[in-house]
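Architecture and fold: a report
The lines below spell out each chain.
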Amino acid sequence: MSDTFAEARRRMLEEIGRHAEETKAWTGCERLSERVAAAMARVPRHVFVAEADIGIAYIDRPLPIGRGQTISQPFIVAAMTELLAVEPHHRVLEIGSGCGYQSAVLAELADRVFAIERIGELARAAAERLRRLGYANVEVREGDGYLGWPEQAPFDRILVAAAPPNIPPALIEQLRPGGRMVLPIGRIEEVQTLVLGIKHPDGRFESRRLLPVTFVPLVSDKDG
Ligand code: SAH
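Residues numbered from 1 in each chain as written. Predicted model: local features only at pLDDT ≥ 70, side-chain atom pairs only at ≥ 80, totals over all residues. Heavy atoms only, no water.

Quick look at the overall build of the chain now. Scanning the chain for helices and strands turns up 7 helices and 9 strands. Relative to a compact globule of 224 residues, whose C-alpha radius of gyration would be 17 Å, the chain shows 16 Å and is just as compact. Dimensions along the principal axes, computed over C-alpha positions, put the chain at roughly 50 × 40 × 40 Å. Buried positions account for 52% of the 224 residues belonging to the chain. Put simply, 54% of the contacts in the chain that link residues at least 6 apart link residues at least 24 apart. A total of about 10600 Å² of accessible surface is found on the chain, and carbon and sulfur atoms cover 51% of it. Each charge sign in the chain was given a centre, from 28 positive and 31 negative side chains, and these centres are 2 Å apart. (Helix = DSSP H or I, 4+ residues; strand = E, 2+ residues; numbered from the N terminus. Rg over C-alpha atoms; globule rule 2.2 N^0.38 Å. Buried < 20%, exposed > 50% of the residue type's maximum accessible area, 1.4 Å probe, protein only. Contact = heavy atoms within 4.5 Å. Areas by Shrake-Rupley, 256 points an atom, 1.4 Å probe, with all protein chains shown as cover. Lys, Arg positive; Asp, Glu negative; His and termini not counted. Charge placed at Lys NZ, Arg CZ, Asp CG, Glu CD.)

Rendered as structure tokens:
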């Protein structure tokens, strides 16, 4: 892979480091682990943005990816990945994969990634992009993330990149005891909160509110 963008990725990681330091009172996490930093340094973010945005692919901002959706800000991708604490043997469910950038970061860290995206056109483009980049351990499918992916459950980790008003019950069900999930919660007109959900080995589910965030809504197809 060409390294024209390696310097831009290094600067992006410095910026993420500053944000992590600023938000540590909320997240309890002052810096990125080596594993997450290395994954963020490897994934070519410029391949996931629109051609016109390639020159600004590594600034710490969300960018449009078409169909009214966005690629998340690098700091948010890094923070959610860090909080998820993905281990190499994990099976991870990702909801709202959009362009597939977060999927690629997870694919660097996990055994397998199952990604669901509601908009078929985005799901197909993400699957093709991830295949071209050689991420053979990611499967992307078009679908409604509210329902999870029961055929592949249980999952060790679940990451949701769009905000539901409450944690979808199917996702709690499909999380393995001992597993964790990270997701934004809140209605569109409210400030949303990034939540860390932990399913204890005895099945008890606990959630911790961490950080104010802004995400697109998790659209329920039942709402039309
Ligand atoms: N993970 C992306 C961010 C994508 S934005 C990244 O790496 O930058 C959130 C995505 O969630 C959008 O693409 C949107 O279409 C999708 N989405 C919204 N509601 C959904 C639902 N019910 N099921 C699956 N995906 C959904």
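That was the structure; now back to the text.
Quick look at the site of the ligand now. Around the ligand, the surrounding shell holds 24 residues, and the nearest of these are Ser72, Gln102, Glu117, Gly145 and Val219. At a separation of 2.6 Å, an oxygen atom of the ligand approaches a polar side-chain atom of Glu117. The contact in question runs from a nitrogen atom of the ligand to an N or O atom on the side chain of Asp144, over 3.0 Å. Because more than half of its atoms lie within 2 Å of the grid, the ligand is assigned to the largest pocket. Those elements that place two or more of their residues in the shell around the ligand are β2 (69–71), α5 (101–109) and β4 (112–117). Here the shell around the ligand takes 3 residues from β2, the largest share from any one element. (Near = heavy atom within 4 Å. Polar contact = N/O pair within 3.5 Å; in protein donor to acceptor, adjacent residues only side chain to side chain. 1 Å grid on protein atoms, 1.4 Å probe; cavity = no way out; pocket = protein on both sides within 12 Å on 5 of 7 lines; lining within 4 Å. Sits in = over half its atoms within 2 Å of the grid points.)

Turning our eyes to something else, we now look at unusual backbone geometry. Geometrically, the link from Ala153 to Pro154 is a cis peptide bond, its omega value of 0° lying close to zero. Here Pro154 is to be found in the loop between β5 (138–142) and β6 (155–160). In this model, Arg67 sits at a positive phi of 55°, which is unusual for a non-glycine residue. Along the polypeptide, Arg67 turns up in the loop between β1 (63–66) and β2. The partly exposed category is assigned to Arg67, whose relative accessible area is 48%. Its identity as a non-glycine residue notwithstanding, Ala85 has a phi of 50°, on the positive side.

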